[in-house]
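What follows is the residue order along each chain.
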Amino acid sequence: MALPFDTATASPDATLAADAVLATLRNRRSIGKMTGEVPDSLLIRQIIEAATWAPNHHLTEPWRFFVLKGDARGELGEVMASIAAARESDPAAARQAAERAVTKPLRAPYVIAVGVEPSPDPSVPPIEEIAAGSAAVQNMLLAAHALGLAAIWRSGWIAFEPEVREYFGISPRGMMLGFVYVGYAAMQPPFRQRRSVDEVTEWRGIASG
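Here's what I pulled together on the structure shown here.

## Here's the deal with the pattern of salt bridges
Pairing between side chains becomes possible if they bear opposite charge and their charged atoms approach one another.
Next, step 1: This model, assessed by the stated rule, comprises 2 salt bridges.
Next, step 2: Glu-199 is the salt-bridge partner of Arg-195, the closest N and O atoms lying 3.7 Å from each other.
Next, step 3: A salt bridge links Glu-202 to Arg-204; its shortest N-O distance comes to 2.6 Å. Of the two residues, Glu-202 and Arg-204, neither departs from the other in class, the shared state being exposed.

## Looking at the packing of helix α2 (residues 41–51) against helix α5 (residues 126–146)
Next, step 1: In the contact formed by α2 and α5, the axes pass within 7 Å of each other and the chain directions differ by 140°. As summarised for this structure, α2 and α5 are arranged oblique, according to the angle between their axes. Note on packing geometry: the crossing formed by α2 with α5 is right-handed. Here Ile-47, Ala-50 and Ala-51 of α2 lie close against α5, whose contacting residues are Ala-136, Asn-139, Met-140, Ala-143 and Ala-144.
Next, step 2: Here the residues of the contact of α2 with α5 are counted per class, giving 7 nonpolar, 1 polar and no charged.

## As for helix α3 (residues 71–86)
Next, step 1: With 16 residues, α3 extends 23 Å between its outermost C-alpha atoms, agreeing within 8% with the 22 Å of an ideal straight helix rising 1.5 Å per residue.
Next, step 2: All of the buried residues in α3 are Arg-73, Leu-76, Gly-77, Val-79, Met-80, Ala-81, Ile-83 and Ala-84.
Next, step 3: Next to the buried residues of α3 lie β1 (63–69), α4 (91–102), β2 (110–116), α6 (162–167) and β4 (175–183).

## Here's the deal with unusual backbone geometry
Trans is the common state for peptide bonds, and a negative phi is the common state for residues other than glycine.
Next, step 1: Backbone geometry at Leu-59 places phi at a positive 55°, although glycine is not the residue there.
Next, step 2: Along the chain, Leu-59 turns up in the loop between α2 and β1.
Next, step 3: A positive phi angle, close to 45°, is found at Glu-61, a residue other than glycine.

## Focus on the packing of aromatic side chains
Next, step 1: What the rule picks out here adds up to 2 aromatic pairs.
Next, step 2: Look at Phe-66 and Phe-168: their rings are 4.8 Å apart centre to centre, the planes differ by 40°, and that puts the pair in the tilted class. Note that Phe-66 is positioned in strand β1 and Phe-168 in the loop between α6 and β4, a separation of 102 residues in sequence.
Next, step 3: Exposure remark for Phe-66: the relative accessible area of 21% places this residue in the partly exposed category.
Next, step 4: Here the aromatic rings of Tyr-167 and Phe-168 are separated by 4.9 Å at their centres, their planes lie at 80°, and the arrangement is edge-to-face.
Next, step 5: Here Tyr-167 falls in the partly exposed class, since its relative accessible area comes to 33%.
Next, step 6: Residue Phe-168 is classed as buried on the basis of its relative accessible area of 9%.
Next, step 7: Of the aromatic side chains, those joined through ring pairs into one cluster are Phe-66, Tyr-167 and Phe-168.
Next, step 8: The positively charged end of Arg-87 is found above the aromatic ring belonging to Trp-157, 3.9 Å away from the centroid.
Next, step 9: Geometry around Tyr-181 places Arg-154 over its ring, the cationic atom sitting 5.7 Å from the centre.

Reading guide: rules and limits
- Residues numbered from 1 in each chain as written.
- Predicted model: local features only at pLDDT ≥ 70, side-chain atom pairs only at ≥ 80, totals over all residues.
- Heavy atoms only, no water.
- Salt bridge = Lys/Arg side-chain N within 4 Å of Asp/Glu carboxyl O.
- Buried < 20%, exposed > 50% of the residue type's maximum accessible area, 1.4 Å probe, protein only.
- Axes fitted to C-alpha atoms, helices over the stretch in contact; angles between N-to-C directions.
- Helix = DSSP H or I, 4+ residues; strand = E, 2+ residues; numbered from the N terminus.
- Parallel < 35°, antiparallel > 145°, perpendicular 65-115°, else oblique.
- Left-handed = near helix turned anticlockwise from the far one by under 90°.
- Contact = heavy atoms within 4.5 Å.
- Nonpolar A, V, L, I, M, F, W, Y, C, P; charged D, E, K, R; others polar.
- Expected span 1.5 Å × (residues − 1).
- Phe/Tyr/Trp six-rings, centres within 6.5 Å; stacked < 30°, edge-to-face > 60°.
- Lys NZ or Arg CZ within 6 Å of the ring centre and 35° of its normal.

Geometry only, nothing functional implied.
The following block contains the structure:
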């Protein structure tokens, strides 16, 4: 059921547009299993363009995107495997950790690594740059859903290691936010529920109704 919308003051086109946006917000799901079918690169470009329209205080546009396809995913896997192995002191455990990590980027036809390169301006709080990057990722996920693609945002401790940041050429001031895996779904979207708005909202100075 569509969320309430004031059709008395909105044009029919605006009403349809609002319903479409709200439906995308409600229906998008993280899809972790994808087929081997490779989406057209123009679709990936549309996803990234959507990301660049995220809200961004100070207009610094701190987001950085790295699109990995084919063998490039394997190169990232090798980096991740090296990091995972180095964390283990036991050789057998290190080998197992590497074997688990090396295939992770192969779970989707495209992996879009997302980093943030903060503004050097001291008046710009770093947290705002990270928030802008995160908003960009959300735009990517919504755009992927709207384009009929499956996507999931993955991070994990390896994504935040210096070696990964250095691999993508992000400066020591910056950070990686993780990886957006994109392809076509090989599973049904999972059922999800959210807590009631009333449980997470406190209205001050106005009535909730």
